[in-house]
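# Summary of the model geometry
The lines below spell out each chain.
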Amino acid sequence: MKRLRAPKGDRAYRQLWRVVDGAVRDAFAMHPDYLNRANERAARESICKRVTGAVLGYAQGALKK
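The structure reproduced in this document is the subject of the present report. (Residues numbered from 1 in each chain as written. Predicted model: local features only at pLDDT ≥ 70, side-chain atom pairs only at ≥ 80, totals over all residues. Heavy atoms only, no water.)

## Some details on the packing of aromatic side chains
For the structure on display, the rule yields 1 aromatic pair. On the numbers, 6.3 Å between centres and 40° between planes, the contact of Tyr 13 with Trp 17 is tilted. With Tyr 13 and Trp 17 both in helix H1 (residues 11-30) and 4 residues apart, this pair spans about one turn of that helix. Overall, Trp 17 belongs to the buried group, its relative accessible area being 5%. (Phe/Tyr/Trp six-rings, centres within 6.5 Å; stacked < 30°, edge-to-face > 60°. Helix = DSSP H or I, 4+ residues; strand = E, 2+ residues; numbered from the N terminus. Buried < 20%, exposed > 50% of the residue type's maximum accessible area, 1.4 Å probe, protein only.)

## With respect to a nonpolar patch on the surface
Nonpolar side chains collect at one region of the surface, where Ile 47, Val 51 and Val 55 lie side by side and expose about 190 Å² of accessible area between them. By the secondary structure assignment, Ile 47 is in helix H2 (residues 37-64). For Ile 47, a relative accessible area of 34% corresponds to the partly exposed category. (Patch = residues over 30% accessible without salt bridge, like charges linked within 9 Å, V, L, I, M, F, W, Y side chains within 5 Å. Areas by Shrake-Rupley, 256 points an atom, 1.4 Å probe, with all protein chains shown as cover. Salt bridge = Lys/Arg side-chain N within 4 Å of Asp/Glu carboxyl O.)

## So, H2
With 28 residues, H2 should reach 40 Å at 1.5 Å per residue; the first-to-last C-alpha distance of 41 Å fits that figure. In this structure, the buried side of H2 is in contact with H1. (Expected span 1.5 Å × (residues − 1). Contact = heavy atoms within 4.5 Å.)

## Brief notes about the nonpolar core
Across soluble globular proteins, nonpolar side chains have a tendency to be buried as a group. Residues Leu 4, Ala 6, Tyr 13, Leu 16, Trp 17, Val 20, Val 24, Phe 28, Cys 48 and Leu 56 constitute the largest nonpolar core, which totals 10 residues. Among the elements of the structure, H1 and H2 are those that each provide at least two residues to this core. Broken down by element, this core gets its largest block of residues, 6 residues, from H1. If we ignore the near neighbours within four places in the chain, the residues touching Leu 56 are Asp 10, Ala 12, Tyr 13 and Leu 16. (Core = buried A, V, L, I, M, F, W, Y, C linked by side-chain atoms within 4.5 Å.)

## Re the packing of H1 against H2
The N-to-C vectors of H1 and H2 enclose an angle of 135°; their axes lie 9 Å apart at closest approach. Classified by the angle their axes make, H1 and H2 are oblique. Of the two elements, H1 crosses H2, and the hand of that crossing is right-handed. On H2, the residues that touch Ala 12, Tyr 13, Leu 16, Trp 17, Val 20, Asp 21, Val 24, Arg 25 and Phe 28 of H1 are Glu 40, Ala 43, Arg 44, Glu 45, Ile 47, Cys 48, Lys 49, Val 51, Thr 52, Gly 53, Val 55 and Leu 56. (Axes fitted to C-alpha atoms, helices over the stretch in contact; angles between N-to-C directions. Parallel < 35°, antiparallel > 145°, perpendicular 65-115°, else oblique. Left-handed = near helix turned anticlockwise from the far one by under 90°.)

What is shown is where atoms sit, not what they do.
What follows is the structure, encoded as structure tokens:
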């Protein structure tokens, strides 16, 4: 399973995307019954986008306090 290319943008977002994608790839590899090859990429992109945005948004908010 190839790594997803992180979208253009903030350096921290791109690095966090890579970490999240690695975790998602590992989870899919450990549980191949969850998804088939046809919908794997779309699901990974959606999960990475949501998790990365949520974690980075939280971290940036916490740093401002």
